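Understanding the architecture of this molecule
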Amino acid sequence: MPATQSTWKLPLLLTICLVAGGLAGWFAGGHVATGVALVAVAEIVLLLTQLRHIAKSMMSSRSPSPYVDPDQPRHDRFMMRSRRLAANLHDLRRAAGSLPDAIVLLDQDQHVRWFNHAAESLLGLRRPQDRGVLLKDKLHNSELAGWLQEASPEPLNDVSAPGQPSRHINVTLLPFGQRQRLLLARDISHMSRLEQIRRDFVANVSHELRTPLTVIHGYLELLDPEDVPHLAPVLSEMRAQSKRMGQIVEDLLTLSRLETQDHVGEERVPMAPLLATLRKEAEALSQGRHSVTVESSAELDLLGSPKDLHSALSNLVSNAVRYTPTGGRITIRWERTAEGANYSVIDTGYGIPADHLSRLTERFYRVSSSRSRDSGGTGLGLSIVKHVLSLHQARLDIRSTPGQGSTFTCCFGRERLLAPEIHESRSLENQ
Ligand code: ADP
């Protein structure tokens, strides 16, 4: 019997039976009570059977209950949705769990709340004991722990994985949920290996080319154009090109060396004599075609590698001379700033269109190849500048307006500055 019918049929049946039982008892000999009692027992049995049936219906989640009829379809849909959500959540967790990148969910104080399998191998986390630990304590003394402590917004690139030091990872910290963080560590060991192969290849090729080029250049220098007047222009071009090739090889070797270095020497680099040398170099290169000015107001020296800093700072001066037409002005400026000190080279030259600016420090990137070659450029100068500055924790800022000129600024932090000759061994970091 359907449950909806049983709700009104049951009391009716009960009443009919009671009346019928009473009448039967009265006709049988006036014992109405006996008839009613007999029928009542039968009814109780009937009632119990009905209750059992209803209880069974309620136990089964798929069959609707007779007492929640209006809500039942909604209840079913809710249950089905919950089950589907739970299944999706389970799938998502399994997917995150089997990703090759390490994922760690951190609370606002950087306690570990959850992590996937890759986090076990790359970061050395263990299940279940590392749930709830402070991540930086777990990664103690690693570069990653220091980065977490600083809470730097910049990603941490190419560091050893704390769980497997032979592997290399890039790490990013993303905001997640309410004041939580998601730490992502990507295994870049394969990329690092390829990058190492590229670096070795460039260094080896450059090294191998150096000797034959030196020999060719030497013989070309020995030849006197007066002995072969008809070949004089050819000889001059050969000399210029062999010199240029030699410079490219030297720049490639310099870049290879800078790339493999992770720190520089901590020597005093006196700025006053360096600025004077840079001015002389600019004037020698300019041959009187430009006006060269030095403005020095910082009265500070640098701390680092004298050779590399000279190479970087003079590269900017030589670019200014080469990319400024005759009659232009070149200013070399050394000034104190709120963050430290800036070295700038300002020219009134050709300028650079804005869409090239972000790519200028790439190897062999040139705004105009012909102009670069004609002026004796290798296309590696700014790449060297960027590497030298990065080793000195400094950065290169480039501003330019086509047709008006450019300003290349090296921004040095306080930790790289020294008061000239007064506190020789003390940096200005704490001033
Ligand atoms: P290059 O040896 O070609 O000068 P660099 O790496 O030093 O190589 O510079 C890359 C490119 O940036 C140059 O080819 C040139 O197009 C542009 N550039 C650099 N400095 C200046 C400047 N002061 N004014 C205009 N363009 C510049």
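Conventions adopted
Residues numbered from 1 in each chain as written. Predicted model: local features only at pLDDT ≥ 70, side-chain atom pairs only at ≥ 80, totals over all residues. Heavy atoms only, no water. UniProt positions renumbered as here; feature names shortened; annotations may be inferred. Near = heavy atom within 4 Å. Polar contact = N/O pair within 3.5 Å; in protein donor to acceptor, adjacent residues only side chain to side chain. Areas by Shrake-Rupley, 256 points an atom, 1.4 Å probe, with all protein chains shown as cover. Helix = DSSP H or I, 4+ residues; strand = E, 2+ residues; numbered from the N terminus. pLDDT = per-residue confidence, 0-100. Contact = heavy atoms within 4.5 Å. Buried < 20%, exposed > 50% of the residue type's maximum accessible area, 1.4 Å probe, protein only. Axes fitted to C-alpha atoms, helices over the stretch in contact; angles between N-to-C directions. Parallel < 35°, antiparallel > 145°, perpendicular 65-115°, else oblique. Left-handed = near helix turned anticlockwise from the far one by under 90°. Nonpolar A, V, L, I, M, F, W, Y, C, P; charged D, E, K, R; others polar. Phe/Tyr/Trp six-rings, centres within 6.5 Å; stacked < 30°, edge-to-face > 60°. Lys NZ or Arg CZ within 6 Å of the ring centre and 35° of its normal. Core = buried A, V, L, I, M, F, W, Y, C linked by side-chain atoms within 4.5 Å. Domains from an automatic or database assignment.

If you look the chain up in an unreviewed UniProt entry, it shows as Phosphate regulon sensor protein PhoR from Dyella mobilis. As its UniProt record puts it under Function (unreviewed entry), the chain is described as follows: "Member of the two-component regulatory system PhoR/PhoB involved in the phosphate regulon genes expression. PhoR may function as a membrane-associated protein kinase that phosphorylates PhoB in response to environmental signals."

Arg322, Tyr323, Ser372, Gly379 and Leu382 are the nearest of the 20 residues found near the ligand. Within the contact set of the ligand, an oxygen atom lies 2.7 Å away from a side-chain nitrogen or oxygen of Tyr323. One of the backbone N or O atoms of Gly381 is found 3.3 Å from an oxygen atom in the ligand. When isolated, the ligand has an accessible area of 520 Å², and the protein chains bury 97% of it. Within the residue set of the shell around the ligand, elements represented by two or more residues are helix 10 (306-322), helix 13 (381-391) and strand 12 (405-413). If you tally residues by element for the shell around the ligand, the top one is helix 10, at three residues.

Turning our eyes to something else, we now look at the confidence of the model for the chain. Confidence in the prediction for the chain averages 85 pLDDT; 81% of positions are at 70 or higher. Here residues 1-7 is modelled with pLDDT under 50, and outside its nearest four sequence neighbours on either side it reaches six contacts, counting other chains as well. Confidence drops under pLDDT 50 across residues 61-66; counting only partners more than four residues distant or on other chains, this segment forms ten contacts.

On to unusual backbone geometry. Cis geometry marks the peptide bond from Arg127 to Pro128; its omega dihedral reads 0 degrees. Examined against the element boundaries, Pro128 turns out to sit in the loop between helix 4 (117-123) and helix 5 (135-138). Despite not being glycine, Arg179 has its phi angle at roughly 60 degrees, a positive value. Of note, Arg179 is situated in the loop between strand 4 (164-176) and strand 5 (180-187). Arg179 sits in the exposed class, given a relative accessible area of 61%. At Gln393, a residue that is not glycine, the phi angle is positive and equals roughly 55 degrees. Structurally, the position occupied by Gln393 is in the loop between helix 13 and strand 11 (395-401). What makes Gln393 partly exposed here is its relative accessible area of 47%.

This part covers the packing of helix 8 (residues 232-260) against helix 13. Packing of helix 8 against helix 13 brings their axes to within 10 Å, and their N-to-C directions diverge by 25 degrees. By the angle between their directions, the pair helix 8 and helix 13 is classed as roughly parallel. Note on packing geometry: the crossing formed by helix 8 with helix 13 is left-handed. For the pair helix 8 and helix 13, contact is made by Asp251, Thr254, Leu255, Leu258 and Glu259 and by Ser383, Ile384, His387, Val388 and Leu391, respectively. Each residue belonging to the contact of helix 8 with helix 13 can be placed in one class, and the counts come to five nonpolar, three polar and two charged.

In total, this model carries one aromatic pair according to the counting rule given. Between Trp334 and Phe412 the ring centres are 6.2 Å apart and the planes differ by 75 degrees, which places this aromatic pair in the edge-to-face class. Of the two residues, Trp334 sits in strand 9 (residues 329-336) while Phe412 sits in strand 12, which places them 78 residues apart along the sequence. The residues Trp334 and Phe412 share a single accessibility class, namely buried. Above the ring of Tyr350, the side-chain terminus of Arg371 is found at 3.6 Å from the ring centroid.

If you look at the biggest cluster of nonpolar residues, it comprises 46 residues, and the most contacted ones within it are Leu316, Trp334, Tyr343 and Phe412. The set of elements that each furnish at least two residues to this core consists of helix 8, helix 9 (271-286), helix 10, strand 9, strand 10 (340-347), helix 13, strand 11 and strand 12. It is helix 10 that provides the largest number of residues to this core, a total of seven residues. Each of domain 3 (191-260) and domain 4 (267-430) accounts for three or more of the residues forming this core. The contact partners of Phe412, leaving out residues within four places of it in the chain, are Leu302, Leu309, Trp334, Glu339, Gly340, Ala341, Asn342, Tyr343, Leu389, His392, Ala394 and Leu417.

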